[in-house]
Amino acid sequence: MTGDAARPALELRGVRAAYGSIEVLHGVDLVVPPASVVALLGPNGVGKTTTLKVACGLVTPTAGCVHVAGRHVNGAGAHRLARAGVRTVPEGRGVFPNLTVAENLALASADRRHAATVHEQAYARFPRLGERARQSAGSLSGGEQQMLALARALATDPALLLVDELSMGLAPLLVEELYEQVATIAREGVSILVVEQFAHTVLGVAHHAALMMNGRVQFSGPSAEIAGALDAAYLGTTGTGARP
Ligand SMILES: Nc1ncnc2c1ncn2[C@@H]1O[C@H](COP(=O)(O)OP(=O)(O)OP(=O)(O)O)[C@@H](O)[C@H]1O
Ligand SMILES: [Mg+2]
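Given the structure is predicted, the values throughout are model-derived calculations rather than measurements.

Rules used in this analysis
Residues numbered from 1 in each chain as written. Chains lettered and ligands numbered in written order. Predicted model: local features only at pLDDT ≥ 70, side-chain atom pairs only at ≥ 80, totals over all residues. Heavy atoms only, no water. Pairing = 2+ DSSP bridges. Helix = DSSP H or I, 4+ residues; strand = E, 2+ residues; numbered from the N terminus. Salt bridge = Lys/Arg side-chain N within 4 Å of Asp/Glu carboxyl O. Buried < 20%, exposed > 50% of the residue type's maximum accessible area, 1.4 Å probe, protein only. Axes fitted to C-alpha atoms, helices over the stretch in contact; angles between N-to-C directions. Contact = heavy atoms within 4.5 Å. Parallel < 35°, antiparallel > 145°, perpendicular 65-115°, else oblique. Left-handed = near helix turned anticlockwise from the far one by under 90°. Nonpolar A, V, L, I, M, F, W, Y, C, P; charged D, E, K, R; others polar. Near = heavy atom within 4 Å. Polar contact = N/O pair within 3.5 Å; in protein donor to acceptor, adjacent residues only side chain to side chain. Areas by Shrake-Rupley, 256 points an atom, 1.4 Å probe, with all protein chains shown as cover.

Student: I tried to follow the sheet that holds strand E2 (residues 22-32) on my own but got confused; where do I start?
Tutor: What holds strands together in a sheet is hydrogen bonding between their backbones, with the strands either parallel or antiparallel. With antiparallel pairing, the four strands of this open sheet are ordered in space as E2-E1-E4-E5. Two strands bound the open sheet, and with one partner strand each, they are E2 and strand E5 (71-72). Two elements, strand E1 (residues 10-19) and strand E4 (residues 63-68), share five bridges in a ladder whose sense is antiparallel. If you follow Leu10 over to E4, its bridge partner there is Val68.

Set out below in structure tokens:
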């Protein structure tokens, strides 16, 4: 499955999806332009993770269209979408905790020769991973595990990266560092859709933002224009000091 690099990396039109008989996406419209960072924001349970699952083929939409690089891929399945360059960094760190950092990277590599390149690139991007190459992934800090998860995802040279809650449970400074890397990865040509519940840091690097409420994208546009919509969306939430 080859796509057209000039087309949006991802386009969802009127996407509906359900778990059993319960519909949770009620017509999602979302576009990720090539080599850009799009932030998908919204409170708990509105359908952000489900939207990512549709985009990577883990959930098949019941209606609407999913396009990856201009190709209609509804129902293509996760394996075919992975071959088309769609890669996820799932919520809660996509690493093998009992394996070392180096072993985690080796497993993400196609073969031994490729592994050498993957290690080199991962340690150049995240020097901290290089210092901890022989440490088990489970004993890394939360932020270091996210770095490893990103490095593993990049090992497959993805065209579209889908990232769920990169910042979960991490200190603000570390989140900023991770998002600087996200911005760099996009400049290198990868299109990135990032889900975040809290918006502040991601909006610093995202070109576009979309706000999800109740299974739909209620607002989408340039990141700079979303502040008003966010205030309205989160009005009345109790807040934890981590407001957008
Ligand atoms: N595997 C599942 N089976 C049944 N219902 C599910 C499943 N996964 C999610 N849901 C429901 O679908 C709705 C949307 O969930 P989703 O995980 O997409 O939300 P979210 O916006 O990512 O939330 P959060 O910010 O808490 O991660 C929720 O009501 C959730 O309970
Ligand atoms: Mg989620």
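Student: For this particular structure, what's the right way to read the pattern of salt bridges?
Tutor: Charged atoms that come close allow side chains of opposite charge to pair. Summed over the entire model, instances satisfying the criterion amount to seven salt bridges. Its salt-bridge partner being Arg125, residue Glu188 comes within 2.8 Å of it at the nearest N-O pair. Within this pair, whereas Glu188 is found in the loop between helix H7 (172-187) and strand E8 (191-196), its partner Arg125 is found in helix H4 (residues 112-125), the two being separated by 63 residues in sequence. A salt bridge links Arg128 to Glu177, with the nearest nitrogen and oxygen atoms 3.0 Å apart. Of this pair, Arg128 sits in helix H5 (residues 127-131) while Glu177 sits in helix H7, and the two are 49 residues apart along the sequence. The class for Glu177 is partly exposed, based on a relative accessible area of 32%. A cluster of three or more residues bridged by salt bridges with shared partners is formed by Arg128, Glu131, Arg132, Glu144 and Glu177.

Student: Looking at this structure, I do not really get the sheet that holds strand E7 (residues 160-164). What am I missing?
Tutor: Spatially, six strands are ordered E6-E7-E8-E3-E9-E10 in an open sheet, and the strand pairing comes out mixed. The open sheet has two edge strands, strand E6 (86-89) and strand E10 (216-222), and neither has a second partner. The sheet shows a mean angle of 20° between the axes of neighbouring strands, direction not considered. In terms of strand pairing, E7 meets E8 through five bridges, oriented parallel. By the bridge assignment, Asp164 is partnered in E8 with Val195. Running over the sheet, H7 touches strand E3 (37-41), E7 and E8 and is turned about 155° from E8.

Student: What exactly am I supposed to notice about the packing of helix H6 (residues 142-154) against H7 here?
Tutor: Between two packed helices, the angle of one axis relative to the other and the distance separating the axes together describe the packing. Close contact between H6 and H7 brings their axes to 10 Å; oriented N to C, the two are set at 10°. Relative to H7, H6 is oriented roughly parallel. Here H6 runs over H7; the crossing is right-handed. Here H6 contributes Gly143, Gln146, Met147, Leu150 and Leu154 to the contact with H7, which in turn contributes Leu174, Glu177, Leu178 and Ile185. Partitioned by chemical class, the residues of the contact of H6 with H7 number six nonpolar, two polar and one charged.

Student: Help me out: how do you make sense of the site of ligand 1 in this one?
Tutor: Near ligand 1 the following residues occur: Tyr19, Val24, Pro43, Asn44, Gly45, Val46, Gly47, Lys48, Thr49, Thr50, Glu91 and Glu165. One of the side-chain nitrogen or oxygen atoms of Tyr19 is found 3.5 Å away from a nitrogen atom of ligand 1. Contact between ligand 1 and Gly47: an oxygen atom at 3.0 Å from a main-chain N or O atom of the residue. Compared with its free state, where it exposes 640 Å², ligand 1 has 59% of that area covered by protein. Considering each element in turn, the shell around ligand 1 owes the most residues, three residues, to helix H1 (residues 48-55). Residue composition of the shell around ligand 1, grouped by class: four nonpolar, five polar and three charged.

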